[in-house]
Amino acid sequence: MDNLIREFKEDLMEFREMTDKFYAKEISMKEYKGFSGGFGSYAQKGGNASMLRLRLPGGRLTKDKLKFVADVIAEYGVDKAHFTTCQTIQLHDLEADTVCAIMEKAMDVGIITRGGGGDFPRNTMASPLSGVEKGEYFDVIPYVEAVSDYLMGIIKTVKMPRKLKVCFSNSPANEPHATFRDLGFVARPDGTFDVYSAGGLGNNARMGVKVAEGTDPAEVLYYVQAMVDTFVAYGNYENRAKARTRYMQETLGTDGYKEAYLEKLAAVKAKGNLTIHPEIIEVTKAGDGSTAFGKRITGQKQEGLYAVAYHPVGGLPPVTKFAELYDAIRDMEQVEIRIAPDETIYVINLTGDEAKKVETVTADGAQNLFETSVSCIGSTICQVGLRDSQGALASIIEEVRKHDFADGVLPRIHISGCTSSCGTHQIGTLGFHGGAKRVNNVAEPAFTFHVNGCDVQGQERFGEPWGMMLQKEMPAFFVELGEAVQAEELTFEEWYAKDPEKLRKIAEKYLY
């Protein structure tokens, strides 16, 4: 990995040159996007600032990496950061010199931005509490890190049609969506993996194809290389709109795709040399007898230790929060942070007293289930975004807070600014993706409403689109919905299960 980092640092000279050309208006935004994405950076809408995506395999943010993020925020005056649904941190509104400097400094603490965008393997994902979660089948993090290192090693040697997302789940909760990603490893009670591939959210969303059962974890790299080889052989290089792995299910058929993948797998296995035995991460810390309780505090499988959840509204923490968190945990043994695919972070391996301290530091986050709703960064920043998903969520929460609904009366919702599903709208109990609706001959900001999605293993389904809702009417819809649910003294989950048509009757007044 040290040699690879040296190579990546050498590549930064070219990135600086292209970035300077872009901001000097010598190349177009499209040309720059095609280049800069491979370095984990994009120009923001308008072309006057950049964002940078910090890859964090498995969402692991160690104390050293947390300190780095806090330090560069302070040094460069970064004013916006976002926890993403791919378990990364995005830094926004960066000047050209700043994005280059942070990218280079990040490598010194093991944060590599290379491949954070463009046609490359993306951040390798995992269940956020892997290794500490009660009831998990086994800790998948060692395999996540091995796969991440492997994919980074081939990033300069293979040209894929589009991006590739690989993830690991430690239980049927399926938080990283392993059963419907480009490649997903699903832990089993017997210590092996089932393997799914060619799935994904966004346009033409597809569930993954189960290509293997009971796979030895030591062999995961064979399955990764086979996925890359299959994508290179059968992926669409001509049409970017169809250059994702899930379209191979269309061109080859489900059975044909599985056959093609297994053929590549056999060829990779015949070559050998990809078996791994990664070091298992042991939590040696023990509880000290102190205890902690609260709706954001979860007991770990390690007796006497706890995890504390923090969900900044919209996944947008105050940028000062990184320094506050570092100051709080820097002297705490084996404590680290995990970023979840729903934009929540967990501070893990805390004693009871430490958990109480962290709970206090993170008291500014979501106050109930509804406020843990998920949103992509939205059209004010994203080049391809159609609607301001962050603004929509903020306005809904602002109105809902006036009514003091009980926790659970409204569910967590998922909002994407476009069909790309960066806000994972397709698996939300209630989801929205941005667009426009012509009303009285005027194009109004609007969102398509999706209902009854689910990501739990064995219950996976994509939400059903019911129609379009004007953005300006969404707060009123949620107030009316909350009043109806609260009147029956139920949670939304209970209310909807009892009579789904009640939701349709409320929604149809707002739908076009």
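Read on for a plain summary of the structure.

1. Regarding a negative patch on the surface
At step 1: On the surface, a cluster of negative charge is contributed by Glu14, Glu17, Asp20, Glu26, Glu95 and Asp97.
At step 2: Top element by residues in the negative patch is helix H1 (residues 2-23). It accounts for 3 residues.
At step 3: With respect to the helices and strands, Asp97 occurs in helix H4 (residues 96-107).

2. What to know about the sheet that holds strand E1 (residues 41-43)
At step 1: Taken together, the 4 strands give an open sheet; going across it, the order is E1-E2-E5-E4, and neighbouring strands pair in antiparallel fashion. One side of each edge strand has no neighbouring strand; the edge strands of this open sheet are E1 and strand E4 (80-83). Averaged over all neighbouring strand pairs, the angle between strand axes comes to 20°, with direction disregarded.
At step 2: For E4 and strand E5 (residues 89-94), the ladder comprises 4 bridges, and the chain directions are antiparallel. Across the sheet, the residue bridging to Phe83 is Ile89, located in E5.

3. Notes on empty space enclosed by the protein
At step 1: With the rule as written, the count across this model stands at 1 cavity of 30 Å³ or more.
At step 2: The computed volume of the largest cavity comes to approximately 40 Å³.
At step 3: As for the largest cavity, its lining consists of Asp119, Phe120, Pro121, Ile154, Ile155, Val158, Met160 and Val228.
At step 4: Residues belonging to the lining of the largest cavity are distributed by class as follows: 7 nonpolar, no polar and 1 charged.

4. Considering the sheet that holds strand E8 (residues 183-187)
The pairing of strands in a sheet happens through backbone hydrogen bonds and is either parallel or antiparallel.
At step 1: Spatial strand order, E6-E7-E8-E9-E10: 5 strands in an open sheet with mixed pairing. Both edges of this open sheet fall to strand E6 (125-126) and strand E10 (209-215), since each of them pairs with a single strand only.
At step 2: The pairing of E8 with strand E9 (residues 193-197) spans 5 bridges and is classified as antiparallel. Residue Val186 lies in a different strand from E9, and its bridge partner there is Asp194.
At step 3: Relative to strand E7 (residues 166-169), helix H5 (residues 141-154) is tilted by about 175°, and along the sheet it contacts E6, E7 and E9.

5. A few points about the side chain of Thr424
At step 1: Looking at where Thr424 falls in the secondary structure, it is placed in the loop between strand E16 (413-416) and strand E17 (430-439).
At step 2: Here Thr424 is in contact with Thr85, His177, Leu201, Val374, His414 and Ser416, once residues within four sequence places are set aside.

6. Re the pattern of salt bridges
Side-chain pairs of opposite charge can arise where the charged atoms are in close proximity.
At step 1: Following the criterion strictly, the structure yields 33 salt bridges and no others.
At step 2: We note a salt bridge from Glu354 to Lys285, for which the minimum N-O separation is 2.7 Å. Linking Glu354 in helix H10 (residues 352-361) with Lys285 in the loop between helix H8 (254-271) and strand E11 (297-299), this pair joins segments that are 69 residues apart in sequence. Judged on exposure class, the residue Glu354 and its partner Lys285 are both buried.

7. Description of the packing of helix H9 (residues 321-329) against H10
At step 1: Interhelical geometry of H9 versus H10 gives an angle of 165° and a closest axis separation of 10 Å. Taken together, the axes of H9 and H10 are roughly antiparallel relative to one another. As H9 runs across H10, the sense of the crossing is right-handed. For the pair H9 and H10, contact is made by Lys321, Glu324, Leu325, Ala328 and Ile329 and by Lys357, Val358 and Val361, respectively.
At step 2: Split into classes, the residues belonging to the contact of H9 with H10 amount to 5 nonpolar, no polar and 3 charged.

8. Here we look at H10
Residues three or four positions apart in an α-helix share a direction because the helix packs 3.6 residues into each turn.
At step 1: Taken together, the buried positions of H10 are Gly352, Glu354, Ala355 and Val358. Buried residues in H10, looked at end-on, bunch into an arc of 155°, giving them a common side.
At step 2: Contacts from the buried residues of H10 go to strand E12 (306-310), H9 and strand E14 (345-350).

9. Some words on the pairing of E16
At step 1: Judged by which residues are buried, E16 turns out to be covered on both faces: Ile413 and Ile415 on one side and His414 and Ser416 on the other are all buried.
At step 2: Chirality of the crossover, the property in question, places the unit of strand E15 (residues 374-375), helix H11 (residues 389-401) and E16 among those that are left-handed.
At step 3: For E16 and E17, the ladder comprises 4 bridges, and the chain directions are parallel. If you follow Ile415 over to E17, its bridge partner there is Phe432.

Procedures and definitions
- Residues numbered from 1 in each chain as written.
- Predicted model: local features only at pLDDT ≥ 70, side-chain atom pairs only at ≥ 80, totals over all residues.
- Heavy atoms only, no water.
- Patch = residues over 30% accessible without salt bridge, like charges linked within 9 Å, V, L, I, M, F, W, Y side chains within 5 Å.
- Areas by Shrake-Rupley, 256 points an atom, 1.4 Å probe, with all protein chains shown as cover.
- Salt bridge = Lys/Arg side-chain N within 4 Å of Asp/Glu carboxyl O.
- Lys, Arg positive; Asp, Glu negative; His and termini not counted.
- Charge placed at Lys NZ, Arg CZ, Asp CG, Glu CD.
- Helix = DSSP H or I, 4+ residues; strand = E, 2+ residues; numbered from the N terminus.
- Pairing = 2+ DSSP bridges.
- Axes fitted to C-alpha atoms, helices over the stretch in contact; angles between N-to-C directions.
- 1 Å grid on protein atoms, 1.4 Å probe; cavity = no way out; pocket = protein on both sides within 12 Å on 5 of 7 lines; lining within 4 Å.
- Points joined across faces, edges and corners; volume = space filled by probe spheres on them.
- Nonpolar A, V, L, I, M, F, W, Y, C, P; charged D, E, K, R; others polar.
- Contact = heavy atoms within 4.5 Å.
- Buried < 20%, exposed > 50% of the residue type's maximum accessible area, 1.4 Å probe, protein only.
- Parallel < 35°, antiparallel > 145°, perpendicular 65-115°, else oblique.
- Left-handed = near helix turned anticlockwise from the far one by under 90°.
- Arc of directions from axis to C-beta.
- Right-handed = clockwise from strand over helix to strand, strands pointing away.

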